[in-house]
Amino acid sequence: MATYCVRRYLSLLKGRVSLGWQKRKFADSARSDEAPDPTAVVTDLCRSRHFITGEQVEKDSLLAGWHGYGPLGMVLRRNLAEQWWRSMTTSRGQVFGLSTLHQAGSGGRKALKLVDGEALAVILKEKGQSVEQLTAEVERLLGASATLRTELLQGALEQYAHSLSLVNRKLPFGLAEMGVCYQPAAPDSEGTTRTGEAMLASLVWFSSPRTAGQWLDFWVRHRLQWWRKFATGASNFSSSDFQDECGTKGTRLYYSFPWGREPIETLQSLGDRELLETHQDNRAKLQCRDERKTVIPHVLSVSGNMDRGVLAYLYDSLQQLKKVDSKQRLHQRKVLKLHPSLAPVKVALDMGRGPTLELRQVCEGLLQELLEEDIAVWPGYLETMQTSLEQLHSKYGCIYSTGSSRSCRSCNGQ
């Protein structure tokens, strides 16, 4: 009887240990299956795959414009900018391109001053000055310093009167521009105050006062459809109406990042106030023809942040692929599947096995022909990077071997 009780106790104890081990196993398995933080995943991919460069590549620095671009990131932003420019200008006869100076005019709504640090240090170190004298010297220095633009609207408003001859003073028409703007200074994670940079794309649309509301609705639909056209998850792009502190109404287009929504483009109906403030000397030169009437046009501002757009599409393209091999082992890969129009590399040219010298010469000739046709090619045969076609974000791949070489010869012989 005693032996039976001992055996019974040991079996129960063994079952409890086994059950506890299984619970721990299931818990560890659940933790391993948890999806990693997409913010960290995209950030690591952007750094390792030559999209984004910088000392601090994290959410706050990316949003503030404290980063640069590697080879693939530069091409991605250029492709996005070209798509924006094509949709705004080349497809519309009444939109004209501009290129204005980085130094803003005197009528801008926002201003950043480029101050000479040595000159400011001399003023502050000068002894025997009263507070009034010091203030006057600093104001004089600020007045003589260059003003950097924070937006592209002011440049289009200043060029409005000179552009009227292009349309024979007939409404509507627009002025488009793309360029670097400087963001207000803000402290980084280490407490250092920095000024960010952003590539902005601007359309300033001039229309009749009676049709200004209709044009705002049109451009909101147009811009939202345009952003969604290149997205894998189109629902992540949304719009929302707003009203600023001055009472100006407009619409913002957002992308839903893992941490929340961030604006990527802003549309505002500004009326004629901004135009009149810019051209105060002569109101008569502002008048345009709206059918048989002469009116001062209302201004619609469309301003998109291309850097924020690049970031949105990088997050949108992230896919984590899982595959089980023949030995039931799970393999996971992180892939950025960008839209073909935005992908930095269109064709990846790889070289298979065979006579190395002959294949290299053929690949170099094929590479040159593709480049002459303005097709972005990654010369994988140079073995500069061991990676897959999906990691290169290319839609097409060419693998050249001795077999394909013989096929080319036979085709040419026929």
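Nothing here was measured: the structure is a model prediction, and the numbers come from that model.

A. Representation of the packing of aromatic side chains. In the structure shown here, the tally under the stated rule is 19 aromatic pairs. Between Trp215 and Phe218 the ring centres are 5.4 Å apart and the planes differ by 90 degrees, which places this aromatic pair in the edge-to-face class. Linking Trp215 with Phe218, this pair stays in helix H9 (residues 212-229), spanning 3 residues, or about one helical turn. Under the relative-accessibility criterion, Phe218 is labelled partly exposed at 25%. Ring centres 4.7 Å apart and planes at 5 degrees place the aromatic pair Phe257 and Trp259 in the stacked group.

B. Spotlight on the nonpolar core. Residues Phe51, Ile52, Trp227, Phe237, Tyr313 and Leu314 are the most contacted members of the largest nonpolar core, which totals 49 residues. At the level of elements, helix H2 (38-48), helix H4 (71-90), strand E9 (197-207), H9, strand E11 (249-257), strand E12 (260-271), strand E15 (298-305) and helix H11 (306-317) are the ones that each hand at least two residues to this core. Looking at this core element by element, the count peaks at 7 residues for H11. Apart from the residues lying within four places of it in its own chain, the contact partners of Phe237 are Leu224, Trp227, Arg228, Ala231, Tyr254, Tyr255, Ile264, Ala312 and Tyr313.

C. Structural context of the pairing of E15. A large share of E15 lies buried, amounting to 6 of its 8 residues. Here E9 pairs with E15 via 8 bridges, running antiparallel. Residue pairing for E15: Ala201 is matched across the bridge by Gly304. In this structure, E12 lies alongside E15, joined through 6 bridges in antiparallel fashion. Looking at E15, one finds that Gly271 is bridged to Val299.

D. Quick peek at the sheet that holds E9. Taken in spatial order, the 7 strands make up an open sheet running E3-E6-E9-E15-E12-E11-E10, and their pairing is mixed. Edge positions in the open sheet fall to strand E3 (95-97) and strand E10 (237-243), since each of these has one partner strand only. On average, each strand axis in the sheet is inclined to that of its neighbour by 25 degrees, with strand direction left out of account. Packed on one face of the sheet, H4 meets E3, strand E6 (173-182), E9, E12 and E15 and runs near 160 degrees to E6. The strands touched by helix H8 (residues 160-167) are E3, E6 and E9; relative to E6, the strand with the most contacts, the crossing angle is about 140 degrees.

E. Quick peek at the layout of surface pockets. Of the pockets and cavities examined, the second largest pocket occupies roughly 410 Å³. Contributing to the lining of the second largest pocket are 19 residues, with Val75, Arg78, Asn79, Pro344 and Ala376 lying nearest its centre. Counting only elements with at least two residues in the lining of the second largest pocket, the list comes to H4 and strand E19 (377-379). Partitioning the lining of the second largest pocket into residue classes produces 11 nonpolar, 3 polar and 5 charged.

About the criteria used
Residues numbered from 1 in each chain as written. Predicted model: local features only at pLDDT ≥ 70, side-chain atom pairs only at ≥ 80, totals over all residues. Heavy atoms only, no water. Phe/Tyr/Trp six-rings, centres within 6.5 Å; stacked < 30°, edge-to-face > 60°. Helix = DSSP H or I, 4+ residues; strand = E, 2+ residues; numbered from the N terminus. Buried < 20%, exposed > 50% of the residue type's maximum accessible area, 1.4 Å probe, protein only. Core = buried A, V, L, I, M, F, W, Y, C linked by side-chain atoms within 4.5 Å. Contact = heavy atoms within 4.5 Å. Pairing = 2+ DSSP bridges. Axes fitted to C-alpha atoms, helices over the stretch in contact; angles between N-to-C directions. 1 Å grid on protein atoms, 1.4 Å probe; cavity = no way out; pocket = protein on both sides within 12 Å on 5 of 7 lines; lining within 4 Å. Points joined across faces, edges and corners; volume = space filled by probe spheres on them. Nonpolar A, V, L, I, M, F, W, Y, C, P; charged D, E, K, R; others polar.

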